[in-house]
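Below are the chains, spelled out letter by letter.
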Amino acid sequence: MTDIETELRVRRIENGTVIDHITAGKALNVLKILGLPDSSHGVVSVLINSHGEYGKKDVVKIENRELKVKEVDRIALIAPNATINIIRNFNVTSKNKVHIPSFVEDVVECINPNCISNSDEPITSKFKVDTENACLKLRCFYCGRVISENIAEQLL
Amino acid sequence: MKFKEQHIISMREFSREMIDHILDAAEKMEPIAHGKQKSDLLAGKVLAVLFFEPSTRTRMSFETAMLRLGGDVLNLGSVDASSIAKGETLADTIRVVDGYVDAIVLRHPKEGAAQLASEFAKVPILNAGDGAGHHPTQTLLDLYTIRRESHLDGLKIALAGDLKYGRTVHSLCYALSLYGAQITLISPKELRMPDEIISDIIARGAKIIETDSIEDAINDVDVLYMTRIQKERFPDPAEYQKVANKLKITIETLKDVKPELKIMHPLPRVNEIDTKIDDTPHACYFKQAFYGVPVRMALLGLVLGAIE
Ligand SMILES: [Zn+2]
């Protein structure tokens, strides 16, 4: 690899957050959930189909911003195995798994076209998260409709 | 039991104790609902009736309930003539009306509308139907009818018709499962009750039997709850005719039933119950419509804190 290739592929970050072990192919959804990239922060880099210990995965690196685990828990909806690494001075200072939250707000859009949350009302979408039977279900707080598949497609 | 200032949004939040409490209160309201006894329990209280889609029966029974208790009713009037037609949000409408009244009855075509309204109102919201969503007062009046005309404990009930899309039938089943009822589901296979609901209500204590023939089930039950099958559910009108004729009851159908069998229907009916049945002791659907009044009186009295 040339220097520039190395730089592009595996550039280490000095300070910031690395979200590792994202389900392969879901990195762009992760950015969407976090509202990234935004204008106020440093470089965001994305590795898609990176080779990990357990097969392919995606990685997202965000420079100069330390995300809190709670802040990224919503990522668990589409990448339940993701880990959050906080980097300071090129060292990993903490490493945490994401947790599936019990309630999510303003992340997903209801699939029910007749749901009040899909009309022009001053409310945000809200879902109760049900993790029973190892299968993730989001139940709309307003209409009660359940989303269990293709959650990524419903991201706001 | 605390109902004062509570919203009534969906049956899902009701325990058996809460249901029994409301039905007990409704029973005390019956003489007033009949006009045999005067009451000023809700004198000075104002109820707003906001119907964003027409449902004359439900609206009238709420209005009757309020008036019989000495309260006043403020009707939004026709939606086309109001600011809603100009594009006002439901949230804004609720915030405005909230300042005028002591409670709001809401009927709205969007699912979840009552939940939204409850987030913007300080006064109690009573959900009178939101789209294909919840209609808790219908379920409560169905339960009241069963308790008054038959019995809730050890009940054997058959539900016939469109069990797939009929959400009021779904919430009735949820409520009946709290009483350990034996429920026979009668429907054409196209309109079967969804599996997830069946497994839910079994888990909650109901016993379920499924069939597609009224004749197979009717002789053994205490209550037969008929519902309408909508033509538009069937792409082929001939298929609809076949199904509609199968789920239709006449005097003939009733020849071997229990003498105490009660037949219920949320009304309006089309032709699923022969009018000749109306004069038999089995017919219970007009009484059922009346029972909406004492049940709604009880709810209004409870949420407005006039009774406990
Ligand atoms: Zn919804």
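Residues numbered from 1 in each chain as written. Chains lettered and ligands numbered in written order. Predicted model: local features only at pLDDT ≥ 70, side-chain atom pairs only at ≥ 80, totals over all residues. Heavy atoms only, no water.

Draft legend 1. Geometry of the UniProt feature "binding site: L-aspartate" (unreviewed entry) in chain B. Under the local residue numbering, the UniProt record ascribes the feature "binding site: L-aspartate" (unreviewed entry) to Lys86, Arg167 and Arg228 of chain B. Note on placement: Arg167 of chain B falls in helix 6 (residues 167-177). Setting aside its immediate chain neighbours within four residues, Arg167 of chain B contacts Cys143 of chain A together with Glu111, Ala132 and Gly133 of chain B. In terms of polar contacts, Arg167 of chain B uses its side chain to reach the backbone carbonyl oxygen of Ala132 of chain B, at 3.2 Å. (UniProt positions renumbered as here; feature names shortened; annotations may be inferred. Helix = DSSP H or I, 4+ residues; strand = E, 2+ residues; numbered from the N terminus. Contact = heavy atoms within 4.5 Å. Polar contact = N/O pair within 3.5 Å; in protein donor to acceptor, adjacent residues only side chain to side chain.)

Draft legend 2. View of the interface of chain B and chain A. On the side of chain A, 15 residues touch chain B, which itself brings 17 residues to the contact. For the pair chain B and chain A, the summed buried surface comes to about 1,200 Å²; carbon and sulfur atoms form 50% of the total. Counting the surface chain B buries against chain A, the share from its top three residues, Lys110, Glu111 and Leu116 of chain B, is 40%. Inspection of the chain B/chain A interface yields 1 salt bridge. Close ionic contact of Lys126 of chain A with Glu119 of chain B constitutes a salt bridge, the shortest N to O distance being 3.4 Å. (Buried area = accessible area lost by both parts, 1.4 Å probe. Salt bridge = Lys/Arg side-chain N within 4 Å of Asp/Glu carboxyl O.)

Draft legend 3. Highlighting the pattern of salt bridges. This structure, assessed with the given rule, holds 23 salt bridges over all chains. For Asp20 of chain A, the salt bridge goes to Lys57 of chain A, with nearest N and O atoms at 2.8 Å. Pair noted here: Asp20 of chain A is in strand 1 (residues 16-23) and Lys57 of chain A is in strand 3 (residues 55-63), with a separation of 37 residues, a long-range link. In this pair, the class of Asp20 of chain A matches that of Lys57 of chain A, namely buried. Residues Lys156 of chain B and Asp220 of chain B are paired through a salt bridge, measuring 3.5 Å at the closest nitrogen-oxygen approach. Placement of the pair is Lys156 of chain B in strand 5 (residues 156-160) and Asp220 of chain B in the loop between helix 8 (214-218) and strand 8 (223-226), with a sequence separation of 64 residues. Classification of Asp220 of chain B as partly exposed rests on a relative accessible area of 38%. Within this structure, Arg16, Asp20 and Asp153 of chain B form a network of salt bridges that share partners. (Buried < 20%, exposed > 50% of the residue type's maximum accessible area, 1.4 Å probe, protein only.)

Draft legend 4. Here's a closer look at the environment of Ala114 of chain B. All names here are of chain B. The topology assignment puts Ala114 in helix 4 (residues 113-120). Along the primary structure Ala114 and His134 are separated by 20 residues, whereas in three dimensions their C-alpha atoms are 8.8 Å apart. Sequence-distant contacts of Ala114, defined by excluding residues within four places in its chain, comprise Ile9, Leu106, Ile125, Asn127 and Asp130.

Draft legend 5. Spotlight on the pairing of strand 7 (residues 126-130) of chain A. All names here are of chain A. Relative to strand 7, strand 6 (residues 103-105) runs antiparallel, the two being bridged by 3 bridges. Opposite Val104, over in strand 7, you have Phe127 as the bridge partner. Where strand 7 meets strand 8 (residues 137-140), 4 bridges bridge the pair, whose relative direction is antiparallel. Paired with Lys128 across the bridge in strand 8 is Arg139. (Pairing = 2+ DSSP bridges.)

Draft legend 6. Here's a closer look at the UniProt feature "binding site: Zn(2+)" (unreviewed entry) in chain A. Feature annotation in UniProt places "binding site: Zn(2+)" (unreviewed entry) on Cys110, Cys115, Cys140 and Cys143 of chain A, given in this structure's numbering. A compact arrangement is adopted by the annotated residues: their sequence extent is 34 residues, whereas the largest C-alpha distance between any two is 8.9 Å. In this structure, Cys140 of chain A sits in strand 8. Look past the residues within four positions of Cys140 of chain A in its chain and what remains in contact with it is Cys110, Cys115, Ser117, Lys126, Phe127 and Arg145 of chain A. In this structure, Cys143 of chain A sits in the loop between strand 8 and strand 9 (146-147). By relative accessible area, Cys143 of chain A is classed as buried at 3%. Sequence-distant contacts of Cys143 of chain A, defined by excluding residues within four places in its chain, comprise Cys110, Asn112 and Cys115 of chain A together with Glu111, Gly112 and Arg167 of chain B.

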